[in-house]
Amino acid sequence: NFCDCDDLIDIIMYMVIDPLQQQHNFSTLRSGGTAKGTSIRTVFDRVRFDVSKFEIICYDLRFSTTNKDGNILLIGGNGTIRTEYDSFFYGCGYGSSHGKANWAAFDVNLTGTPFEINTDLCEFKPFGWSPSGELDTNDNGTQHVSGKGIGYQGGIGACPAFSRFCDHVGNGKAITFAQKA
């Protein structure tokens, strides 16, 4: 009566991250430029992770909340590509207007977990056309990073997680982490 279930099912695991402090672990999608609608702020209290690859799966929104009135229609490809969002990926601030007043923010905080961001494989930086931004490691090394930025159809976030936006070949929408030393 033995079953090797690895062939039958993918185990989905979630890690609790700072559930009591709503100022941490959030992403934003700002309205303006080619992002039409009301800005979105998504806050995460758990993230999905793949222990075999040591990756946080950024697109899993199961344990997140978003402002009720947030809704964005993102227009790209000279108006031919239209994507509607009512929440946004973990670890990314995205906007489409220029100027510091329009910067979008994100926060990734693994404090209190046994993990840290693997900076050899995952770099947080501005992306998009004419990107600009700032990062802060929040005096906590590689466990807590936040940032704000902008770029025409861009922003700031984990590369290569947002590889279609970044300069390198990526590994899908995941933030690579490691066991904390």
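Residues numbered from 1 in each chain as written. Predicted model: local features only at pLDDT ≥ 70, side-chain atom pairs only at ≥ 80, totals over all residues. Heavy atoms only, no water.

Draft legend 1. Structural detail: the side chain of aspartate 107. Note that aspartate 107 resides in strand S11 (residues 104–109). Despite being buried, aspartate 107 has no salt bridge partner; arginine 41 is the closest side chain of opposite charge, sitting 7.9 Å away. A polar atom in the side chain of aspartate 107 sits 2.9 Å from the backbone nitrogen of asparagine 25. (Helix = DSSP H or I, 4+ residues; strand = E, 2+ residues; numbered from the N terminus. Buried < 20%, exposed > 50% of the residue type's maximum accessible area, 1.4 Å probe, protein only. Lys, Arg positive; Asp, Glu negative; His and termini not counted. Salt bridge = Lys/Arg side-chain N within 4 Å of Asp/Glu carboxyl O. Polar contact = N/O pair within 3.5 Å; in protein donor to acceptor, adjacent residues only side chain to side chain.)

Draft legend 2. Expanded view of the pattern of salt bridges. The tally for this structure, following the rule as stated, stands at one salt bridge. We note a salt bridge from arginine 48 to aspartate 60, for which the minimum N-O separation is 3.3 Å. Residue arginine 48 is found in strand S5 (residues 46–50), and its partner aspartate 60 is found in the loop between strand S6 (55–57) and strand S7 (64–66); the two are separated by 12 residues along the sequence. Among the residues examined, arginine 48 registers a relative accessible area of 23% and is labelled partly exposed.

Draft legend 3. Highlighting the packing of aromatic side chains. Here the structure, examined in full by the defined rule, presents eight aromatic pairs. Considering the side-chain rings of tyrosine 14 and phenylalanine 63, the 4.9 Å spacing of their centres and the 75 degrees angle between planes classify their relative orientation as edge-to-face. Of the two residues, tyrosine 14 is situated in strand S1 (residues 13–16) and phenylalanine 63 in the loop between S6 and S7; the sequence distance between them amounts to 49 residues. Aromatic side chains tyrosine 85 and phenylalanine 89 sit 6.3 Å apart centroid to centroid with 80 degrees between the ring planes, which places their arrangement in the edge-to-face category. The burial state of tyrosine 85 is the same as that of phenylalanine 89; both residues are buried. An aromatic cluster of at least three residues, connected via ring pairs, comprises Tyr85, Phe88, Phe89 and Tyr94. Between the NZ or CZ atom of arginine 41 and the centre of the ring of phenylalanine 26, over which it lies, the distance is 3.8 Å. (Phe/Tyr/Trp six-rings, centres within 6.5 Å; stacked < 30°, edge-to-face > 60°. Lys NZ or Arg CZ within 6 Å of the ring centre and 35° of its normal.)

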